[in-house]
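# Chains, contacts and geometry: an overview
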Amino acid sequence: MKIVVGIDGSEASSDALRYAHGEAVSSGAELVAVTVWEVPVMAAAYITTEEVDGAMDPWMEGFIAEVLGEDGAAVKRAPAAGSAAAALLEEAEDADTLIVGTRGHGGLAGVIMGSVSHQLANHTPCPLTVVPASNGAAGAADGPIVVGVDGSSNAQTALRWAAERAARTGLGLRVVMAWRGEAAGWLAGTEVQTSWPSFEDLEQQAREMLGEVIDEAGLPEGLEPELVLGEGAPASVLREAADGASMLVLGSRGRGGFMGLLLGSVTSHTLNHIFCPTTVVPAQ
């Protein structure tokens, strides 16, 4: 197994490194730390990649030792120059997990708030975990793993990943589905409005759909998930259901309650308001 973590010297990347190290120890995975120096175009003619690597490697060794102590000796270092997203994605090609912090500086500047986060989330070849700053985290290490589902194949992939993690770690699994009892927009006073299904009918339909999702997922034997139906906006439902969670898991894309999960407002809101480790699982 292989875990890749992005570091840049910021406190956020220290949190990500500590989290990634814990993941590597518990799973027996190799841990690879990536530092990216985005060389200005005008300087590229004077500085070679070898010079950048030679300068960054000693710094990486010192930073990792500062964060992890003697445990840092086992961390593989991978300095790179160029695009932060490209370097991380390239190193993650054969990885099991890619881990980054919520904010950084230098080569990983704006890893969540800027374009890099969208590139990582939309193109990651493996599950991407975003770790919140330690001073802003509201999750619990022994809390349940919470996963959002909507009946799509990508959400099913996320559910299976979350279930496997729950079975491996011994943590609980909470499966959440958001549904709307009212039309998202305005309905004119027509037959459409008068024939709109009742709140109870919509809730029952959502409950049946959630049951089908669980049945089709093929969860590990002995794993009994907690099922949560939440009426309302997906981001709000997820936030409430994930209170005290050890991890929130989302599929790369969805439909219905999670429509446009990566390309729309739900993911932007979720990733920009991280309160516990949040993993985006790419489609198979």
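Scroll up for the structure.
For clarity, every value in this text was computed on a predicted model and none was experimentally measured.

### Describing the pattern of salt bridges
A complete count under the given rule lists eight salt bridges for this structure. The salt bridge partner of Glu23 is Arg165, with a shortest N-O separation of 2.8 Å. Here Glu23 is found in helix 1 (residues 11-27), whereas its partner Arg165 is found in helix 5 (residues 153-169), with 142 residues between them in sequence. Arg165 matches Glu23 in its accessibility class, with the two residues each being buried. For Arg207, the salt bridge is made with Glu203, and the minimal N-O distance between the two is 3.4 Å. With Arg207 and Glu203 both in helix 7 (residues 199-217), this residue pair falls four residues apart, about one helical turn. Note on Glu203: relative accessible area 27%, which makes it partly exposed. Where salt bridges share partners, they join Lys2, Glu91 and Asp94 into one cluster.

### Remarks on the packing of aromatic side chains
Each aromatic ring pair is specified by the distance between its two centres and by the angle formed by the two planes. Counted according to the given criterion, the structure contains one aromatic pair. Judged by centre distance (5.2 Å) and plane angle (10°), the rings of Trp59 and Phe63 are stacked. Here Phe63 and Trp59 lie together in helix 2 (residues 49-68), a separation of four residues that amounts to about one turn. Judged by relative accessible area, which is 33%, Trp59 ranks as partly exposed. Geometry around Phe275 places Arg239 over its ring, the cationic atom sitting 3.8 Å from the centre.

What counts as what
Residues numbered from 1 in each chain as written. Predicted model: local features only at pLDDT ≥ 70, side-chain atom pairs only at ≥ 80, totals over all residues. Heavy atoms only, no water. Salt bridge = Lys/Arg side-chain N within 4 Å of Asp/Glu carboxyl O. Helix = DSSP H or I, 4+ residues; strand = E, 2+ residues; numbered from the N terminus. Buried < 20%, exposed > 50% of the residue type's maximum accessible area, 1.4 Å probe, protein only. Phe/Tyr/Trp six-rings, centres within 6.5 Å; stacked < 30°, edge-to-face > 60°. Lys NZ or Arg CZ within 6 Å of the ring centre and 35° of its normal.

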